[in-house]
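Below are the chains, spelled out letter by letter.
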Amino acid sequence: MYRTHTCGQLRAANVNETVTLAGWVQKVRNLGAMTFIDLRDRYGITQIVVEEHSPADVKTVADGLGREYVLQVEGRVVERSSKNPKMPTGDIEVVASKLVVLHEAEVPPFTIEENSDGGDDLRMKYRYLDLRRPPLQRNMILRHKMAQEIRRFLSDEGFLEIETPYLVNSTPEGARDFVVPSRMSPNQFYALPQSPQTLKQLLMVAGYDKYFQIVRCFRDEDLRADRQPEFTQIDCEMSFVEQEDVLEIFERWAKHMFREVMGIELTEPLRRMPWIEAMEKYGSDKPDLRFGMEFADLTDLAQGHGFAVFDDAEYVTGFAATGCAGYTRKQIDALTEFVKRQQIGAKGLVWIRVEADGNVKSSVDKFYSPEQVRAMAERAGAKAGDLVLILCGKKFKTLTQLCALRLEVAQQLGLRDPKKFAPLWVIDFPLFEWDDETQRYYAVHHPFTSPKLEDVQYLDSDPGRVRANAYDFVCNGTEIGGGSIRIHDSKLQAKMFELLGFTAEQAQERFGFLMNAFKYGAPPHGGLAFGFDRLCSLFGGSESIRDYIAFPKNNNGRDMMLDAPGYIDQAQLDELHIQLVKPEE
């Protein structure tokens, strides 16, 4: 038996017991007469003591130990004279009577402690060492606990967990596919699924009216902190449901997860915010509601007073930065430079300061009377001590720019507390978005999203007016999940394909398998998918999903540990009938 207890298990009740532990050497402190060894496994750390009168072979082993040696310890549990209240095992220590080195270790390239001295790339190259660190262990335990609660809740609600294939056909919408060449079908390719969307709809046709899957998905797209080329979804679909049915069950699921995993009781119904309200009040379809600072439309108040910047703009909007009237010119200039950054693209920033005595001062005083400036400040909800920040331009571009500024100000004010949660549903999205470059409409979600019944009349005359029967679950400025009621009417689906630029032949070629299945009786159905990695990082209080994935890729999509992607042998290429083209020098 390698061990009788784990390194996080022993307490004062175990004093005088003879135990066997096994783990990694965290630290060795040789004080001459005595040697202290911190022995670590994923359950915790136990202090081991080698005393002056310990057996010679024990002292010899202790003298030769290095960090991360794999060590087995046999000894007696004693009460510590100097207790450590910061450790669960801090009341005891184990006096070693036997030490066995199970495996020697080289000195690790970074410290394996709560806070490491290794950079991101180095720790990702040696991810198996990084995973020994307590923060990563806590993250993996949280992920496991969340997966268990997801399965428990959905199973109790009658959902069946059904696996769908990873080798599928390529889809024309959405992100780029990862493709897999087929050896048995020369010059043909599988694609890795961006989501099991069509497959779960086929399961509804097959009569499995409640499906879920915690499933890997793959998208060949640019990366950022909350995006990886392979990620995990909590994928769900239900038959004979309307939007209200889906929101009801998954609002209960969300509250269950907050309660069971985080110990947070959400008693109030979640807010439901139409997409247009989210955009006009917060400049985002995933608004952060942990703080206020809502936007106000100032266009009518700002225009017609000779300030050409506002007069020529389609839209003027601003918000009151709480308590920021005391910002110095240097601080305001820094905010101006922030919005002028290439990623945001604003041309400048207008401000109104509401002094403690109620007087107003602005950067455009020469164009407006004090009463006119005060009217804009009041429209923005500013009170004494607030600073109103204003942008103008094309409506939705300006709203998006102001959203970035709102989040930056909130960050500076410490309002984005990761331990505070403000979930909501965003509903009534546009069904289509117009792309100027290709001069056609694209589906905001996917081609199978149902339009709201009251808006079907506008499909031909004004497609941009049509709202989707779609919904997103948003929390703290992040989209955690989203879905829709699907189209189950073949004629309406054909109209959707037509509006998205597909000919009947192209639609049949791409989606014939689904349309043919619908001919045999498709029930009304809908569902949604939650980003499991994002949900884990939300609950764990991190902005990066990489901290909650055992073996993530870096920002360039590379696996630093496996050194992937990589080259394959010519023999494999020949089997796959693939001829590489040398890049131009």
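Residues numbered from 1 in each chain as written. Predicted model: local features only at pLDDT ≥ 70, side-chain atom pairs only at ≥ 80, totals over all residues. Heavy atoms only, no water.

Enquirer: How should the overall build of the protein be read in this particular structure?
Expert: Looking only at helices and strands, the protein has 16 helices and 22 strands in total. Its C-alpha atoms put the protein at 90 × 75 × 60 Å along the principal axes. Burial status across the protein gives 48% buried among its 585 residues. Total accessible area on the protein is roughly 29700 Å²; 50% of this is exposed by carbon and sulfur atoms. (Helix = DSSP H or I, 4+ residues; strand = E, 2+ residues; numbered from the N terminus. Buried < 20%, exposed > 50% of the residue type's maximum accessible area, 1.4 Å probe, protein only. Areas by Shrake-Rupley, 256 points an atom, 1.4 Å probe, with all protein chains shown as cover.)

Enquirer: For this particular structure, what's the right way to read helix α7 (residues 275-282)?
Expert: An α-helical segment advances 3.6 residues per turn. Residues three or four places apart therefore align on the same side. For α7, the full list of buried residues reads W275, A278, M279 and Y282. Axial view of α7: buried residues confined to an arc of 105°, hence all on one face. Following α7 by one or two positions, G283 has its phi on the positive side, about 70°. (Arc of directions from axis to C-beta.)

Enquirer: Explain the pairing of strand β19 (residues 440-443) to me, please; I cannot follow it from the model alone.
Expert: Here is the key point about a regular strand: its side chains alternate between the two faces of the sheet. Side chains Y441 and A443 project from β19 onto a buried face, and the interleaved R440 and Y442 project onto a face without burial. Relative to β19, strand β18 (residues 432-435) runs antiparallel, the two sharing 4 bridges. Within β19, the residue paired with F432 across the bridge is A443. Following β18, the chain reverses through 4 residues before pairing antiparallel with β19; Q439 in that reversal takes a positive phi of roughly 55°. (Pairing = 2+ DSSP bridges.)

Enquirer: Can you help me understand the packing of aromatic side chains in this one?
Expert: Under the definition given, this model contains 23 aromatic pairs. The interplanar angle of 75° and the centroid separation of 4.8 Å between the aromatic rings of F307 and F310 together place this pair among those described as edge-to-face. Centre to centre, the rings of F307 and F367 are 4.9 Å apart; their planes meet at 35°, and the pair counts as tilted. Placement of the pair is F307 in the loop between α8 (299-302) and α9 (308-311) and F367 in the loop between β15 (360-362) and α11 (370-379), with a sequence separation of 60 residues. By way of ring pairs, the aromatic residues F159, F250, W253, W425, Y471, F473 and F530 are connected into one cluster. Directly above the ring of W351 sits R353, whose terminal nitrogen or CZ lies 5.0 Å from the centroid. Over the ring of Y442 we find R440, and its NZ or CZ is 3.8 Å from the ring centre. (Phe/Tyr/Trp six-rings, centres within 6.5 Å; stacked < 30°, edge-to-face > 60°. Lys NZ or Arg CZ within 6 Å of the ring centre and 35° of its normal.)

Enquirer: Can you walk me through the sheet that holds strand β12 (residues 296-297) in this structure?
Expert: Pairing is antiparallel across the open sheet formed by 5 strands, whose spatial order is β12-β13-β16-β14-β15. Since the sheet does not close on itself, it has two edges, and those belong to β12 and β15, each with one partner. Summarising the sheet, strand β13 (residues 315-321) and strand β16 (residues 387-393) pair through 7 bridges and their orientation is antiparallel. Residue A320 lies in a different strand from β16, and its bridge partner there is V388.

Enquirer: Would you take a moment to explain the sheet that holds strand β4 (residues 70-79) for this structure?
Expert: Two strands in a sheet stick together by hydrogen bonds in their backbones, pointing the same way (parallel) or opposite ways (antiparallel). Judged by pairing direction, the barrel is mixed, and its 5 strands sit side by side in the order β1-β2-β3-β5-β4 before closing back on the first. Adjacent strand axes in the sheet meet at a mean angle of 55° when their direction is disregarded. Sheet analysis places strand β1 (residues 18-30) next to β4, joined by 7 bridges and oriented antiparallel. Residue W24 lies in a different strand from β4, and its bridge partner there is V70. Along the sheet face, helix α1 (residues 56-63) touches β1, β2 (35-41), β3 (44-50), β4 and β5 (92-103) and points at about 70° away from the line of β5. (Axes fitted to C-alpha atoms, helices over the stretch in contact; angles between N-to-C directions. Contact = heavy atoms within 4.5 Å.)

Enquirer: Sorry, what's going on with the nonpolar core here?
Expert: Nonpolar side chains in soluble globular proteins tend to be buried together. Counting residues in hydrophobic clusters, the biggest one holds 40 residues, and the most contacted among them are M146, L154, I234, F250, W253, W425 and F539. In terms of residues, this core owes the most to one element, helix α6 (residues 243-262), which gives 9 residues. If you count residues domain by domain, this core takes at least three from each of domain 2 (135-240 + 529-572) and domain 4 (424-524). When near neighbours in sequence (up to four residues on either side) are disregarded, F539 contacts L142, M146, M257, F258, V261 and M262. (Core = buried A, V, L, I, M, F, W, Y, C linked by side-chain atoms within 4.5 Å. Domains from an automatic or database assignment.)

Enquirer: So what exactly am I meant to see when it comes to the environment of M293 here?
Expert: Looking at the secondary structure, you find M293 in the loop between α7 and β12. Every residue in contact with M293, bar those within four places of it in the chain, is listed here: F319, A320, A321, T322, R406, V409, A410 and L415.

Enquirer: I tried to follow the domain arrangement of the protein on my own but got confused; where do I start?
Expert: Interfaces are often sized by the amount of accessible area the parts lose when they come together. Assigned domains of the protein: these are domain 1 (12-103), domain 2 (135-240 + 529-572), domain 3 (291-416) and domain 4 (424-524). Between the C-alpha centres of domain 2 and domain 4 the distance comes to 22 Å. Opposite the 21 residues of domain 2 that make contact, domain 4 presents 26 residues. With both sides pooled, the region where domain 2 packs onto domain 4 buries about 2000 Å², and carbon together with sulfur makes up 64% of that total. Two residues, E237 and R486, come together in a salt bridge whose shortest N-O distance is 2.9 Å. Our count for the domain 2 to domain 4 interface comes out at 6 residue pairs in polar contact (both at pLDDT 80 or more). Where the side of domain 2 that touches domain 4 is concerned, the elements lending two or more residues are α5 (197-205), β10 (230-239), β22 (525-531) and α15 (532-540). Per-element accounting of the side of domain 2 that touches domain 4 gives the leading share, 7 residues, to α5. Looking at the side of domain 2 that touches domain 4 residue by residue, the class counts come to 10 nonpolar, 7 polar and 4 charged. (Buried area = accessible area lost by both parts, 1.4 Å probe. Salt bridge = Lys/Arg side-chain N within 4 Å of Asp/Glu carboxyl O. Polar contact = N/O pair within 3.5 Å; in protein donor to acceptor, adjacent residues only side chain to side chain. Nonpolar A, V, L, I, M, F, W, Y, C, P; charged D, E, K, R; others polar.)

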